[in-house]
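Structural overview for review
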Amino acid sequence: MGEVESGAALLRTRRHRQDRISKHEDPNEIIARVKGERFREYRRRFEASGRGEIELDYPLDLSIETIDYCNYACPYCPRVLDRGDGTRIDDAVFERLVDEFAEGTGGLGAIGFDSGEPLLDKTLERKIAYASAKGICDIIVTTNAAFLTPDRGRRLIEAGVTKLHVSIDANTQETYTKTRGGVLADVENNVREFMRIRAEMGSLLPIVRCSFVKSELNAHEMEAFAEKWAPLVDYVEFQDCIDHSRLDTLYDYEVEPFWCHYPFQSVSINAKGEIRPCCSFYNQHLVFGRVSDGDTIGGVFGGKQQAELRRQFREKRDFDIVCRNCRVAPPASFGIESRPLLQPAALPAKGKPPGRK
């Protein structure tokens, strides 16, 4: 996981465009205490496939967007230009995808709920419980926590979430208005209350992460953010800001050879049923299949297009133009490099997607 520094009983690591400050050397080991050796085996296979040491016949990581909408409009996210149309994944389609994934992995895999704001899906907990009942050993929810009420928090824990990733990106309301557009105090109270409820329920899970996407809007608050959240949640993560300003118009950049683990272990499916090789917003150019056409998770993962991406990374040449645009000029660790923003400030937060009654 890279070099580790110890200070105030916290550990700092650097990995894949991310800086982590944690109470635990490996938060996944906390989950393994609950889930047992099956979870450790999944993580061993996940890490090895991510390094290209083993070749998988079926992905271990499935990202599912259950609703195409976000209540926030963060200026470094394409959602600032298009919050989504409110499309929801069909329940029968969702269950069919989970059934296939559970069979293909034997449960030794991860399902992540992300892209749109998952908590806008009022049936999210039912979906999580379905995946958990099918034996999926790692279930991840990524949220802005605006709708993380005490009731939703309890239901998420009961449903079987293993990781809750909370995106905050600011330490003061002034900066939060620029980076997200909501009410920071409400979000902070929601997270603190969730931690209290988790303790009250006597649960080690889910592991809770608070994240901070670094940009010129918020870099001055990084240390204060870490001081606030590192003692309260399981870990804090600072993420490099990926430049999405080229999302629609790709440029023929030259890049040094690089590695990406996603084609070797992942598949992503949006609410419209488009199947893609990763969860990057650049994947809009890499639609390798459609659920409506009868395409499957395993079929796309083992298909020619995703296999070709794996070849490019193994041989370190002929990189796809989409991957090159996603890769260009990542900022340095715990530094800040000016990256284009899609607009100077976020729009006001909106609570309901189109069509919500």
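Residues numbered from 1 in each chain as written. Predicted model: local features only at pLDDT ≥ 70, side-chain atom pairs only at ≥ 80, totals over all residues. Heavy atoms only, no water.

Here we look at the side chain of E188
Operational definition: The way it works is that DSSP assigns letters per residue, a run of H or I at least four long becomes a helix, a run of E at least two long becomes a strand, and they are numbered from the N terminus. Every residue pair with non-hydrogen atoms within 4.5 Å of one another is taken to be in contact.
Here E188 lies in helix α7 (residues 184-200). Ignoring anything within four residues of it in the chain, the contact list for E188 reads N171, K228 and W229.

Examining unusual backbone geometry
Defined as follows: Whether a residue is buried, partly exposed or exposed follows from its accessible area with a 1.4 Å probe, protein chains only, as a fraction of its type maximum: under 20%, in between, or over 50%, in that order.
At the junction of L205 and P206, the peptide bond is cis and its omega measures out at 5° in the coordinates. Considering the arrangement of structural elements, one finds P206 in the loop between α7 and β8 (207-213). You will see that S115, though not glycine, has its phi angle at about 75°, which is positive. Along the chain, S115 turns up in the loop between β5 (110-113) and α4 (124-133). For K316, which is not glycine, the phi dihedral falls at a positive 55°. Along the chain, K316 falls in the loop between α11 (304-315) and α12 (321-327). Assessed through its relative accessible area of 52%, K316 is described here as exposed.

Points about the environment of R43
Looking at the element boundaries, R43 is found in helix α2 (residues 37-50). Overall, R43 belongs to the buried group, its relative accessible area being 14%. Counting along the chain gives 14 residues from R43 to E29, while the straight-line C-alpha distance between them is 9.5 Å. Setting aside anything within four residues of it in sequence, one finds R43 in contact with N28, D138 and K163.

Quick look at the pattern of salt bridges
Where charged atoms from two side chains of opposite charge approach closely, those side chains can pair. Convention followed: What counts as a salt bridge is simple: a side-chain nitrogen of Lys or Arg found within 4 Å of a carboxyl oxygen of Asp or Glu.
By the definition in use, this model includes 40 salt bridges. Across the salt bridge formed by R79 and D68, the nearest N and O atoms sit 2.7 Å from each other. On the criterion of sequence distance, the pair formed by R79 in the loop between β4 (61-64) and α3 (91-105) and D68 in the loop between β4 and α3 is long-range, its members being 11 residues apart. Grouping residues by exposure puts R79 and D68 together as buried.

Structural notes on the confidence of the model for the chain
If pLDDT is low for a region, its predicted coordinates should not be looked at in detail. We count it as follows: Think of pLDDT as the predictor's per-residue confidence, scored from 0 to 100.
Chain-level statistics for the chain give a pLDDT mean of 89 and a share of 89% at 70 or above. For the stretch residues 1-8, pLDDT sits under 50, and the model shows 15 contacts to residues farther than four places along the chain or on other chains. Here residues 329-340 scores under 50 on pLDDT; set against residues more than four positions off or in separate chains, the count is 35 contacts.

Let's talk about the packing of aromatic side chains
Counted only if it meets this: Two rings from Phe, Tyr or Trp (for Trp, the six-membered ring) form a pair when their centres are within 6.5 Å of each other. A pair whose planes differ by under 30 degrees is stacked, one over 60 is edge-to-face, and the rest are tilted. Here, a charge over a ring means that NZ of Lys or CZ of Arg falls within 6 Å of the ring centre while also lying within 35 degrees of the ring normal.
For the structure shown, the criterion picks out 14 aromatic pairs. Consider the rings of F225 and F238, whose centres lie 6.0 Å apart with planes at 70°: the pair is edge-to-face. Of this pair, F225 sits in helix α8 (residues 222-229) while F238 sits in strand β9 (residues 235-239), and the two are 13 residues apart along the sequence. The pair F225 / F238 is uniform in exposure class, with both members buried. Aromatic ring contacts, followed pair by pair, group F258, W259, F264, F313 and F319 into a single cluster. The ring of F94 has K127 sitting right over it, with the charged end atom 5.9 Å from the ring centre. The ring of F301 has R310 sitting right over it, with the charged end atom 4.6 Å from the ring centre.

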